[in-house]
Structure formats: structure tokens, C-alpha cells
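Take a look at the letters that make up each chain.
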Amino acid sequence: MDSNSTAPAGFMKAAVLHAFGNEEQLATEFILVPDVDKDEILIELEFAGVGQWDAFERQGGYAEMLKMEVEFPYVLGSEGSGTIISKGENVKGFKIGDKVMAAGFLNPQGGFYVEFAAVDQKYATLVPASLNAQEAGGILGVGITALRGLEDILQLQKGESIVILGASGGVGHIAVQLARKIGARVFAVASGADGVGMVRNLGIENVADGYNEDLLAAAITAEPEGFDAALLTAGGETAKTVMQSVKKEGRVAYPNGVFPLPTSEDFKVIAFNGEPDADIISRFVHYVKSGNVKAHVDKVFPLEQASAAHVALQQHYLGKLVLEIK
């Protein structure tokens, strides 16, 4: 579909799936604009985040794991930013024209790879002044996932130590900022020299290159007695190496969508989802406002190139990939 194609009345442009599978299953077409329920807002989207878990969802991973009844065409995307153009009768605290960012993990109304998204008001928040529209479109999903892992699952405390694997990725680059704001000692494992540089620019001093360094030696140097906690946003051999630097009584967690699955004979490794709710969105926005937490947007793709964005998910990139909807 041409990027200048105009939707017929009542329809909108969307990147959709007609079957689960690889990125080639993503196609751009017109679908109906969703109706707005009494508790929902309708957002005219400017940007939508593209996350690692989107690939897992595209492959049917969540549908199988959660035994979902799926209807096609199916729209991916769990975060985005834009302008409210309509709202339900019960919506309070928002007005038409407000700039908002929203999250909607497995939203029954459909995802954010669309021109217009209907979202329950509890999953939306006004865009903080410190974020631009691109950042707002890509920060909320990774932000609440990172915060869920750090505060709710790992229960990270001020003065504790944590190793964060995948620190230059979407969840990871937000997690290192949040862990630092919590007051923990952060050891970050990034990908490549550019990843190390980006994480250092976020204010993290202890950063190792997962591609080119002896990680175990670097981790032991950073925290000789071992880490209290580990957040793994990548799997494989590197995850196994990182876990060797965690205390025997330490806590280890990873967000669903990480493959290969991190496993250990020494620890209970906890998997979790970054499901949004009003409480965690409020907590995350507090960090953004008070701690100047930022999103690093590496590449922007037009909506019609959602499949190319999913290919890019498998390649080297820093921070976030986003779709430009308009």
C-alpha cells in the first residue's frame, strides 16, 4: 500500500497479520476504526513502539502460552503516542486534544500498529514535558516492563547491586536508568562499542561490552562478592555467564519474550510480563518526571514498513525502534 493512500470513511490504515509467522506476514491494509467504549479514549497515533515481544506475539507465542482465542486480521503493538480525538462518557482527567502515551498489552481492541487506537483510560497518561513524541511512542511498554522487573519482581533496594544484561536494548536501557534512580549499584552489559557508549551517556559508569570482553572477570571486578540481583533481557550463553556472578541467595528475572530461555540450576529464574496497569504507569511516569528518564530511539520506520522494523529487531540496534504512523 502506498504511504499516501487515504482510508475510506470509517476505516484506518494498519499493519496487520492474517496468520502468525515471520515478519513477511505483516501487511498494510485498511481496517475499521475501533468504536470507543465508555471507559476508553481514541488516540490518533503519531508513533508506535516496536518491541522484542512483538516478534514473540507475531509468531503466536502469547496466543499459545495464554490459550487465547484469536481473530484475524490481528494488529500488533503495545505502546504508542498521539492525540486524543474522542473519549467515552466515563473518561475523567483527559480532554480532546491532549497529547498522551498509552500501553495496551494484548489489547482486545487491537494493537498500536494503526492510525487510531482505542485504549482504556487507565492505560494512558499525559506525555511528560521531558519527552518528545518519538520517545513517548516507544518508552511506556519498555518502561513498565523494566520497572515491573526491578521493583515488583526483583524488589531491588537502594544500596543493592544489580547486573543488567542487554543494557543497550529497549527494556535494558530504561532498566539501567531506573535501577540507578532506585539507588542500586548498576553493572551493565551492553552490545558493542556503540552500545557501551550509549549506556555510559545515560550516566552508568560500570559498563561491559558483551561482544568483546571477559564478562565474568569484569563482573567480579565490579562486585567481588557477587550481585544481589540480575535482570536478563537476553538469553543464551551470555546469560549463563552473567548468572555466575550473582550471589547464591540472589534474585534473577527476565521478561517473557527472551530467547533462548534463561535457566539455572543455582537460582529460581522468574519470568514475568510487563502488563500495564494504572499503578505501574503512574510509578513510571513519576521516574520520568523526577529522574529525567529518557528513551533512545535508534531507527524510525513508516507504518508501511512494519515488516522491515521486525527484521531490524533481529539485527544490532540501540534502545528502541518505532513506527511513524503519520
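What comes next concerns the included structure. (Residues numbered from 1 in each chain as written. Predicted model: local features only at pLDDT ≥ 70, side-chain atom pairs only at ≥ 80, totals over all residues. Heavy atoms only, no water.)

### Looking at the nonpolar core
- Counting 50 residues, the largest nonpolar core has Leu 150, Ile 162, Ile 164, Ile 174, Val 176, Leu 178 and Phe 284 as its most contacted members.
- Take this core: its biggest share by element is eight residues, from helix H3 (residues 133-153).
- With near-sequence residues (within four places) excluded, Ile 174 lies in contact with Ile 139, Val 142, Gly 143, Ala 146, Phe 284, Val 293, Lys 294 and Ala 295.
- Leu 45, Ile 84, Val 91 and Ala 309 belong to the second-largest nonpolar core, a separate cluster that totals 40 residues. (Core = buried A, V, L, I, M, F, W, Y, C linked by side-chain atoms within 4.5 Å. Buried < 20%, exposed > 50% of the residue type's maximum accessible area, 1.4 Å probe, protein only. Helix = DSSP H or I, 4+ residues; strand = E, 2+ residues; numbered from the N terminus. Contact = heavy atoms within 4.5 Å.)

### Details of the layout of surface pockets
- For the largest pocket, the calculated volume is near 850 Å³.
- Considering each element in turn, the lining of the largest pocket owes the most residues, four residues, to helix H1 (residues 52-58).
- Here the lining of the largest pocket is built from residues that sort into 18 nonpolar, 19 polar and one charged.
- Size it by volume and the second largest pocket reaches roughly 440 Å³.
- Mapped onto the lining of the second largest pocket, the elements with two or more residues apiece are strand E2 (26-32) and strand E4 (74-75).
- For the lining of the second largest pocket, the per-class residue count stands at eleven nonpolar, seven polar and three charged. (1 Å grid on protein atoms, 1.4 Å probe; cavity = no way out; pocket = protein on both sides within 12 Å on 5 of 7 lines; lining within 4 Å. Points joined across faces, edges and corners; volume = space filled by probe spheres on them. Nonpolar A, V, L, I, M, F, W, Y, C, P; charged D, E, K, R; others polar.)

### Some details on the sheet that holds strand E1 (residues 11-17)
- Taken in spatial order, the three strands line up as E2-E1-E4 in an open sheet, and their pairing is antiparallel. The open sheet terminates on both sides in strands that have one partner only, identified here as E2 and E4.
- The sheet contact formed by E1 and E4 spans two bridges and is antiparallel. Directly across from Leu 17, in E4, lies its bridge partner Tyr 74. (Pairing = 2+ DSSP bridges.)

### Some points on the pattern of salt bridges
- Per the stated rule, a full pass over the model turns up 18 salt bridges.
- Here Lys 240 makes a salt bridge to Glu 237, at a shortest N to O gap of 3.5 Å. Of this pair, Lys 240 and Glu 237 both sit in helix H7 (residues 236-243), separated by three residues, roughly a single helical turn.
- Bridged by salt links that share partners, the residues Arg 148, Glu 151, Asp 152, Asp 277, Asp 279 and Arg 283 form one connected network. (Salt bridge = Lys/Arg side-chain N within 4 Å of Asp/Glu carboxyl O.)

### Here we look at the sheet that holds strand E10 (residues 185-190)
- The strand order across the open sheet built from six strands is E11-E10-E9-E12-E13-E14, with neighbouring strands paired in parallel fashion. Pairing within the sheet leaves two strands with one partner each, and these edge strands are strand E11 (206-209) and strand E14 (269-272). Averaged over all adjacent pairs, the angle separating strand axes in this sheet is 20°, with direction ignored.
- Bridge count for E10 against E11 is four bridges, and the pairing is parallel. The residue bridging Ala 190 from the neighbouring strand is Asp 209, located in E11.
- Strand contacts of helix H4 (residues 170-182): strand E9 (161-165), E10 and strand E12 (227-232), with the helix running at about 170° to E9, the strand carrying the most contacts. (Axes fitted to C-alpha atoms, helices over the stretch in contact; angles between N-to-C directions.)

### Points about the packing of H3 against helix H8 (residues 278-291)
- Relative to each other, H3 and H8 sit at 100°, their axes nearing to 9 Å. With respect to H8, the element H3 is oriented roughly perpendicular. Across from Ile 139, Leu 140, Gly 143, Ile 144, Leu 147, Arg 148, Glu 151 and Asp 152 in H3, the residues of H8 making contact are Ile 280, Ile 281, Arg 283, Phe 284 and Tyr 287. (Parallel < 35°, antiparallel > 145°, perpendicular 65-115°, else oblique.)

### Here we look at the pairing of strand E7 (residues 116-120)
- The buried fraction of E7 amounts to four of the five residues, a majority that puts the element mostly inside the structure.
- Two strands pair when backbone bridges link them, and strand E3 (residues 40-50) and E7 are joined in this way by five bridges, in the antiparallel orientation. For Glu 44, the partnering residue across the bridge sits in E7 and is Phe 116.

### Quick notes on the packing of H4 against H8
- Viewed as axis vectors pointing N to C, H4 and H8 meet at an angle of 75°, and their least axial separation amounts to 11 Å. The angle between H4 and H8 places the two elements in the roughly perpendicular class. In contact with Ile 174, Leu 178, Lys 181 and Ile 182 of H4, H8 contributes Phe 284, Tyr 287 and Gly 291.

### Remarks on unusual backbone geometry
- Of note, the bond from Phe 72 into Pro 73 is cis; its omega dihedral lies within 30 degrees of zero at 0°.
- For the bond from Phe 259 to Pro 260, the omega torsion is -10°, close enough to zero to count as cis.
- Along the chain, the position of Pro 260 falls in the loop between strand E13 (246-255) and E14.
- With a phi angle near 50°, Lys 67 is a residue other than glycine that sits in the positive phi range.
- Relative to the assigned elements, Lys 67 resides in the loop between helix H2 (61-65) and E4.

In short, shape yes, function no, at least from these values alone.
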